[in-house]
Amino acid sequence: MARLRLPVVAAPMFIVSTPRLVVEQCKAGVVGAIPALNARPKELLKDWIAEIREALAAHDRVHPEAPAAPFALNQIAHRTNDRLGDDMDVIAEAEVPIVIVSLAAPEHILSAVHSYGGLVFNDVVNARHARKCAEAGVDGLIAVSAGAGGHTGTISPFALVEEIRAFWDGPLGLGGAIATGRGVLAAQALGADFAYVGSAFIAADESNAQEGYKRMLLGASAQDIVMSDRLTGVKANFMGQSLSANGLDPAALARGDPAEKGFGEDGGSYKAWRDVWSAGHGAGSVRRLSPAADIVGAMTREYEEARRALC
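Residues numbered from 1 in each chain as written. Predicted model: local features only at pLDDT ≥ 70, side-chain atom pairs only at ≥ 80, totals over all residues. Heavy atoms only, no water.

A. Quick peek at the pairing of strand 9 (residues 194-197). Alternating positions in strand 9 separate into two faces, Phe194 and Tyr196 on one and Ala195 and Val197 on the other, with burial throughout. Two strands pair when backbone bridges link them, and strand 1 (residues 8-10) and strand 9 are joined in this way by 3 bridges, in the parallel orientation. Residue alanine 10 lies in a different strand from strand 9, and its bridge partner there is valine 197. Strand direction decides the pairing type here: strand 8 (residues 172-175) and strand 9, joined by 3 bridges, are parallel. Bridge pairing in strand 9 places glycine 175 opposite tyrosine 196. Of the crossover connections in this fold, the one passing from strand 8 over helix 7 (residues 181-190) to the parallel strand 9 is right-handed. (Buried < 20%, exposed > 50% of the residue type's maximum accessible area, 1.4 Å probe, protein only. Helix = DSSP H or I, 4+ residues; strand = E, 2+ residues; numbered from the N terminus. Pairing = 2+ DSSP bridges. Right-handed = clockwise from strand over helix to strand, strands pointing away.)

B. How the structure looks around the packing of helix 1 (residues 19-28) against helix 2 (residues 44-62). Where helix 1 contacts helix 2, the two axes come as close as 10 Å, and the packing angle between them is 30 degrees. Relative to helix 2, the element helix 1 lies roughly parallel. The crossing of helix 1 and helix 2 is right-handed. Contact residues: Pro19, Val22, Val23, Cys26 and Lys27 in helix 1; Trp48, Glu51, Ile52, Ala55, Leu56 and His59 in helix 2. Classifying every residue of the contact of helix 1 with helix 2 by side-chain character gives 8 nonpolar, 1 polar and 2 charged. (Axes fitted to C-alpha atoms, helices over the stretch in contact; angles between N-to-C directions. Parallel < 35°, antiparallel > 145°, perpendicular 65-115°, else oblique. Left-handed = near helix turned anticlockwise from the far one by under 90°. Contact = heavy atoms within 4.5 Å. Nonpolar A, V, L, I, M, F, W, Y, C, P; charged D, E, K, R; others polar.)

Structural data, given as structure tokens:
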């Protein structure tokens, strides 16, 4: 936390996050993060880690008074991720400082990262999940509450943070509809140590989101976000306009009706994340395309102004 200029971890976003985005986030003073699965083919992951390290080291040499924040890689700890073992070998060899795990962190991830002094943070969506991860020995928890973009939680942040803090006094992040500096301060007021911010960085110049994706986000609000588990098998939030553009009925999917097309199947005409675009309830706060550094700068000013107003 001492190395952050704003208490924020950028959420790792499938397809959207890039090494360039991570570098700019870290240089601006927040933790930049990227899914390991964004590196395709998998051999690219080693090069990406080296690219990020070299860029941050170069920044620190020129700006010793304002060193970059650490970076993180995200791992999907699920049996369907057939790259998990190979990617963990690369991560351990490179000694990536933070590994963010989705689902529950298995022992081999914890032991590999802890062997070189790295930290393991686990996304959690409820107190039962959080307790299981805490007992496994993770270093930090990230509470993903209702309104988060991508795969989302469904519990109010007021309730989720309170329930987790009843048994966890370690590092705690909070995600879900946080896209401003005021939201970051609110997360801390609830009892979190840092905010987990995703949608705001979709609009970054350095993100890999398609231009149409970015423009759609600028016109979206919370009421345009549709949550459904019929697209990926897990509850996730998508922009309703994007669903309609791909021939899907947002209202039907929100009710739990199956998608009419073979969503995500081989041979399908579109796939989640690539063609149907995700955002969280914080979409209404994103109103311009900007460099990542400017996004962090604006959030930092909002954060400081809100702190002063409360004092």
